[in-house]
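Results of the structural survey
Residue strings, one per chain:
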Amino acid sequence: MKHGRTPPARRLARAAARPTEAALPTPPRPTRDADARRADRSIVIVSMVLLIVVFGLLVWTIADVLLLVFAGILIGVFLRGLGDGVSALTGLSRRVSFGVVLATLAALLIVGGALLGNEMASQLEQLGPSLHLAWEKMLNGVYGYEWGRILFSERNLSAMLPEDGTWLTRLGGAFSMTIGAIAGLLIAVFIGLYGAAAPAVYRHGLLLLVPAHARSRAREVLDTVTMTMRWWLIGTFARMAVVGLSVTVGLWLLDIQLALALGLIAFVLDFVPYIGPILAALPALLVAIATGPADAFYVLLLYLAVQMAENYVVTPLIDQYSVHLPPALTISAQVLLGALLGALGVVFATPLTAIALVLVRMLYVEEDLESSAGTEAPPPSPLPPPATGPPRG
C-alpha cells in the first residue's frame, strides 16, 4: 500500500457511514399539510388587511357622499314610517297614505311659511347685528377688570363676531349650512322621496347582494335596522319639538328679543345630542347679555331647566318606545366621527351608532350565543333589544 492512500474497504465504510441526501429524514405529511395551511392562512390574513385598508381609504375619500346618501335614507325611513302609520290608522293603502303624508307636510310648510316666514326671516336677519352688539358689550365688561385686560391683551376679539351678516356664513360653514349643503339637502330629500315611494324595490336589490342561503337572516336584520331607525327618528323629532317649543315660549315669556329665531336654532341643533344644546344656548346668552346680566341669568336657567326636563322626563318616556343609547358611547362616537368626517360626522354619529349596535347584536352577539347554545348558559347581552314600536296591549 502506497503512502497516503486509503484502502478501498475503509473508503467504502466511510461512505456508508456518511448520510446521503436521499437518506436524510423527511418531515411527516401532517406537518407539511399544517405548514401549507399556515402559509395559506397568512396570505388570507394579509389580503384581508389590505382589502380593509383600501376599503377604509375609499370610504374616507367619499365619506361626504355616503353621509349624503345616509341622510336621504333617514328621510325616506321617516316618510315611510309616517305613511305606514296613516295606513294603519285609516285603513288606506300604503301608496295613498304616503300621498296623504306628502300633501299634509307640503300644506304645513306652506301655511307655516305664510304665517311665520316673514317674522322668521326678519329675526334671523336681526340676529347677526344683535349678536355683535352683545359680544361687544360683553368684551367691554371683561376689559373693565384687570384679569380681563391681562387675559385678552393684544387680542382683537371683536373681529371674531363681525357686525354684518357674514357671521351667518361662518356659522353655516361650521354646521354645513352653506349653499353646497343646501344643495346636498335637496339631493337627500329627493333620495328620501324616491326611497319612501318604492321601498320594496331597493330592499329587494339589497337582498340580491346577499348569498341565497343567508337572505332570510339578512331580511331579518334589514327589517330590524329599519324599525330601529324609524323609532329613533320619531323619538328624536319629538325631543326636538319639545325643546324648540319650550325655548321659544320661555324666551318669549322672558321678553327676550328674537325668541322665534333662537327657538328654531334650539330645535335644529337638538338633533345632535349633548353637543347641540350647548351650541344652541350660546347665541341666546349673547342676546340676553345685551339687555342685562339678570336677563342672561334667567336665560341660562331656562336652558338648564329645558335640558333637565329633556334628560330626566322627556327622554326616559320616549326611550320606552324608541332607541336608548348609552351617553358615553354616543359622545365617543360624536368625537370620533367628528375628527374623521367633520361636522357631518358629528350630526350623523348618533343614528350610525344605533345601527352599529343593532348589527353587532344581531350579527355577532346572537350568532355567538346560538353557536354556543347547549354548552353553557349564555350571559345576558349588554346591548339593548331592538326597538319595534310601542308594546301592544
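On a predicted model such as this, the values are computed, not experimentally measured, just so you know. (Residues numbered from 1 in each chain as written. Predicted model: local features only at pLDDT ≥ 70, side-chain atom pairs only at ≥ 80, totals over all residues. Heavy atoms only, no water.)

Further remarks concern the overall build of the protein. Along the backbone of the protein there are 15 helices and 0 strands. Out of the 393 residues belonging to the protein, those deemed buried represent 30%. Across the protein, contacts joining residues at least 24 apart in sequence account for 68% of those joining residues at least 6 apart. Element-wise, carbon and sulfur atoms account for 71% of the exposed surface of the protein, whose accessible area totals about 25200 Å². (Helix = DSSP H or I, 4+ residues; strand = E, 2+ residues; numbered from the N terminus. Buried < 20%, exposed > 50% of the residue type's maximum accessible area, 1.4 Å probe, protein only. Contact = heavy atoms within 4.5 Å. Areas by Shrake-Rupley, 256 points an atom, 1.4 Å probe, with all protein chains shown as cover.)

Moving on, we come to a nonpolar patch on the surface. Together, Leu58, Ile62, Val65, Leu66, Val69 and Ile73 make up an exposed nonpolar region whose accessible area comes to about 480 Å². Top element by residues in the nonpolar patch is helix α3 (residues 63–90). It accounts for 4 residues. By secondary structure assignment, the location of Leu66 is in helix α3. (Patch = residues over 30% accessible without salt bridge, like charges linked within 9 Å, V, L, I, M, F, W, Y side chains within 5 Å. Salt bridge = Lys/Arg side-chain N within 4 Å of Asp/Glu carboxyl O.)

In this section: the side chain of Gln307. Its location among the elements puts Gln307 in helix α12 (residues 293–319). By relative accessible area, which is 19% here, Gln307 ends up buried. Other than its neighbours up to four places away in sequence, Gln307 contacts Val243, Asp270 and Pro277.

Our focus in this paragraph is the packing of helix α9 (residues 215–253) against helix α10 (residues 259–269). When two helices pack together, their arrangement is given by the angle between the helix axes and the distance between those axes. Contact geometry for α9 and α10: axes closest at 8 Å, N-to-C directions at 155 degrees. On the basis of their axis angle, the class for α9 and α10 is roughly antiparallel. In this structure, α9 crosses over α10, and the sense of that crossing is right-handed. Side by side, α9 and α10 meet where Phe237, Met240, Ala241, Val243, Gly244, Val247, Thr248, Leu251 and Trp252 of the first sit next to Ala259, Leu260, Leu262, Gly263, Ala266, Phe267 and Val268 of the second. Residue composition of the contact of α9 with α10, by class: 13 nonpolar, 3 polar and no charged. (Axes fitted to C-alpha atoms, helices over the stretch in contact; angles between N-to-C directions. Parallel < 35°, antiparallel > 145°, perpendicular 65-115°, else oblique. Left-handed = near helix turned anticlockwise from the far one by under 90°. Nonpolar A, V, L, I, M, F, W, Y, C, P; charged D, E, K, R; others polar.)

Further remarks concern the packing of helix α11 (residues 275–291) against α12. Look at α11 against α12: their axes get within 8 Å of each other, and the N-to-C directions meet at 160 degrees. The orientation of α11 relative to α12 falls into the category roughly antiparallel. Judged by the twist between their axes, the crossing of α11 over α12 is right-handed. Here α11 contributes Pro277, Ala280, Ala281, Ala284, Leu285, Ala288, Ile289 and Thr291 to the contact with α12, which in turn contributes Asp295, Ala296, Val299, Leu300, Tyr303 and Gln307. Its residues placed into classes, the contact of α11 with α12 shows 11 nonpolar, 2 polar and 1 charged.

Considering all chains together, one arrives at 1 cavity of 30 Å³ or more under this definition. Size it by volume and the largest cavity reaches roughly 40 Å³. When its residues are assigned to classes, the lining of the largest cavity shows 6 nonpolar, 1 polar and 1 charged. (1 Å grid on protein atoms, 1.4 Å probe; cavity = no way out; pocket = protein on both sides within 12 Å on 5 of 7 lines; lining within 4 Å. Points joined across faces, edges and corners; volume = space filled by probe spheres on them.)

Moving on: the nonpolar core. In this structure, Leu127, Val247, Leu251, Leu262, Val299 and Tyr303 are the most contacted members of the largest nonpolar core, which totals 24 residues. Elements supplying a minimum of two residues to this core: α4 (94–143), α9, α10, α11 and α12. Setting aside residues up to four positions removed in sequence, Leu262 forms contacts with Leu127, Val247, Leu251, Gln257, Pro283, Ala284, Val287 and Tyr303. With 21 residues, the next largest nonpolar core counts Val225, Leu233, Leu357 and Val358 among its residues. (Core = buried A, V, L, I, M, F, W, Y, C linked by side-chain atoms within 4.5 Å.)

Below, the discussion takes up helix α13 (residues 327–341). With 15 residues, α13 should cover 21 Å at 1.5 Å per step; its first-to-last C-alpha distance of 20 Å lies within 8% of that length. For α13, the set of buried residues is Thr330, Ala333, Gln334 and Leu337. Here the buried residues of α13 occupy an arc of 105 degrees about the axis, which is enough to place them on one side. Away from the buried face of α13 by more than 90 degrees, exposed residues Ala328, Val335, Leu336 and Ala339 are located. Gly342 sits one or two residues past α13 and shows a positive phi near 85 degrees. (Expected span 1.5 Å × (residues − 1). Arc of directions from axis to C-beta.)

A separate point is the UniProt feature "transmembrane region" (unreviewed entry) in the protein. Here, the residues flagged by UniProt with the feature "transmembrane region" (unreviewed entry) are residues 42–60, 66–83, 95–116, 177–210, 231–254, 260–289, 296–315 and 335–360. Taken end to end, residues 231–254 comprises 96% helix and 0% strand; its first and last C-alpha atoms sit 34 Å apart. End-to-end, the C-alpha atoms of residues 296–315 are 27 Å apart, and along that stretch the chain is 100% helix and 0% strand. (UniProt positions renumbered as here; feature names shortened; annotations may be inferred.)

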